[in-house]
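Residue-level structure breakdown
Chain residues, written in single-letter form:
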Amino acid sequence: MQQLEVALNGEFVELNQLLKLAGACDSGGAGKRLVASGVVSVDGEVELRKTCKIRAGQVVSLGGVRINVVAPV
């Protein structure tokens, strides 16, 4: 499984934008489609809300990719 780490620029990032930032998709729109298809998990639970707020400490999984969200530096 590929491990990625994304540092937030603020308090949270929307899920579809996080997928874009991590390079899991090319655009926010593509991220929304991935979330809607049911293949994205947040902290081990399938997440269908495209713009749910992801905060530091949460883990987003998509296929063979695990994205660890960390606080801003």
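Now for a quick tour of the structure. Only a predicted model underlies this, so the values are computations on that prediction, with no experimental measurement involved. The residue count restarts for each chain, going from 1 along the sequence in the order it is written. Side-chain atom pairs in this predicted model are given and counted only at pLDDT of 80 or more, local residue features only at pLDDT of at least 70, and totals for whole chains, interfaces and linings cover all residues. Computation of side-chain values covers all heavy atoms of the structure but excludes hydrogens and water.

Details of the nonpolar core
Counting residues in hydrophobic clusters, the biggest one holds 19 residues, and the most contacted among them are L15, L18, L19, V40, I54, V60 and I67. A run of H or I in DSSP counts as a helix once it spans at least four residues, and a run of E counts as a strand once it spans at least two, with each numbered from the N terminus. Taken together, the elements giving at least two residues each to this core come down to α1 (15-21), α2 (28-36), β3 (40-42), β6 (59-62) and β7 (65-70). Buried Ala, Val, Leu, Ile, Met, Phe, Trp, Tyr and Cys residues that are joined via side-chain atoms within 4.5 Å together make up what is termed a nonpolar core. Three exposure classes are used, based on accessible area relative to the maximum for each residue type with a 1.4 Å probe and protein chains only: buried under 20%, partly exposed in between, and exposed over 50%.

What about α2?
Restricting attention to buried positions, one finds in α2 the residues G28, A30, G31 and V35. Mapping the buried residues of α2 onto a view down its axis gives an arc of 155°, with all of them on the same face. In the core, the buried residues of α2 are packed alongside α1 and β3. Of the residues one or two after α2, G38 is the one with positive phi, at around 85°. What the arc describes is the spread of directions from the helix axis to the C-beta atoms. Contacts are assigned to residue pairs that have any heavy atoms within 4.5 Å of one another.

Points about the sheet that holds β6
Strands pair in a sheet through their backbones, by hydrogen bonds, and they do so in one of two ways: parallel or antiparallel. Pairing is mixed across the open sheet formed by 5 strands, whose spatial order is β1-β7-β6-β3-β4. Two strands lie at the open edges of the sheet, namely β1 (2-7) and β4 (45-46), each paired on one side alone. When DSSP finds two or more bridges between two strands, those strands count as paired. When β3 meets β6, the two strands line up antiparallel, connected through 3 bridges. Looking across to β6, one finds that S41 is bridged to S61.

Focus on unusual backbone geometry
Phi at D43 takes a positive value of approximately 50°, unusual for a residue other than glycine. Residue position: D43 is located in the loop between β3 and β4.

Overview of the pattern of salt bridges
What makes a salt bridge here is a side-chain nitrogen of Lys or Arg within 4 Å of a carboxyl oxygen of Asp or Glu, nothing more. Across all of its chains, the model carries 2 salt bridges by this definition. The salt bridge involving E47 is made with R49; its shortest N-O contact spans 2.9 Å. What makes E47 buried here is its relative accessible area of 11%. A relative accessible area of 55% means that R49 is categorised as exposed.

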